[in-house]
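Survey of secondary and tertiary structure
Spelled out from the first residue to the last, the chains are:
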Amino acid sequence: MAIVLCRIDDRLIHGQVVIGWGRPMGINLIILVDDQVAASDWEQELYRMAVSPDIEVRFVTVTEAAAHLAEWQANGKRGLVLTGDLETMAALHSANPQVIHRINLGGIHHRPGRRERLPFVYLSDQELRTLLSLEEGGAVVTAQDLPTTSPVPLRSLG
């Protein structure tokens, strides 16, 4: 399997993603799916600075990612699909549930309307319902800040 991690983390590319997840999982391709970042050269350059040169980084829109998921799954690279929000990951799951079937909740931080579910996961009730509906559609959703910690099943976050 080429795509080994599908992670929602509102900080996008940062040390925990690159070092904490990337190294132990042997990631050599990060696919950052964000329409705004895909259109901004300077934001892309900032995120690239956090990644070692041996890891390829692709900045794509939701539409581009949906069109290429099967290709990335088959390309032989160990890939990480990274989104900054739940809506983007839900759209990717809808586009290709065979590829985006295990979803990792990483850093989803506080903002108005959200409440703490774990120290690193804040969700509104609507966001939790959306995640539960993804599970009902066949996705496996867990919260896990690092691969060395135990995954927390979505149903435990209610």
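Everything discussed here concerns the structure shown above.
Below you will find a few notes about this structure.

The subject of this paragraph is the packing of helix α4 (residues 62-74) against helix α5 (residues 86-95). The interhelical angle for the contact between α4 and α5, taken along N-to-C directions, is 35 degrees, at an axis separation of 9 Å. Judged by the twist between their axes, the crossing of α4 over α5 is right-handed. Between α4 and α5, the contacting residues are V62, A65, A66 and L69 on the first element and T88, A91, L92 and A95 on the second. Along the lines of polarity and charge, the residues of the contact of α4 with α5 split into 7 nonpolar, 1 polar and no charged.

Counting residues in hydrophobic clusters, the biggest one holds 33 residues, and the most contacted among them are V81, I100, I103, L105 and L157. For this core, the elements supplying multiple residues, two or more each, are β1 (3-8), β2 (29-33), α4, α5, β5 (102-105), β7 (121-123), α6 (125-136) and β8 (140-143). Setting aside residues no more than four positions away along its own chain, I100 makes contact with C6, L69, V81, M89, L92 and H93. Counting 18 residues, the second largest nonpolar core, distinct from the first, contains L12, W21, M25 and L80.

A few words now on the sheet that holds β2. Strand order in this open sheet of 7 strands is β3-β2-β4-β1-β5-β8-β9, and the pairing throughout is mixed. Edge positions in the sheet fall to β3 (56-60) and β9 (152-153), since each of these pairs with one other strand and no more. The pairing of β5 with β8 spans 4 bridges and is classified as parallel. Within β8, the position partnered with I103 by the bridge is V141. Those strands touched by α5 are β1, β2, β4 (79-83) and β5, and its axis lies near 130 degrees from that of β4.

The rules behind the values
- Residues numbered from 1 in each chain as written.
- Predicted model: local features only at pLDDT ≥ 70, side-chain atom pairs only at ≥ 80, totals over all residues.
- Heavy atoms only, no water.
- Axes fitted to C-alpha atoms, helices over the stretch in contact; angles between N-to-C directions.
- Helix = DSSP H or I, 4+ residues; strand = E, 2+ residues; numbered from the N terminus.
- Left-handed = near helix turned anticlockwise from the far one by under 90°.
- Contact = heavy atoms within 4.5 Å.
- Nonpolar A, V, L, I, M, F, W, Y, C, P; charged D, E, K, R; others polar.
- Core = buried A, V, L, I, M, F, W, Y, C linked by side-chain atoms within 4.5 Å.
- Buried < 20%, exposed > 50% of the residue type's maximum accessible area, 1.4 Å probe, protein only.
- Pairing = 2+ DSSP bridges.

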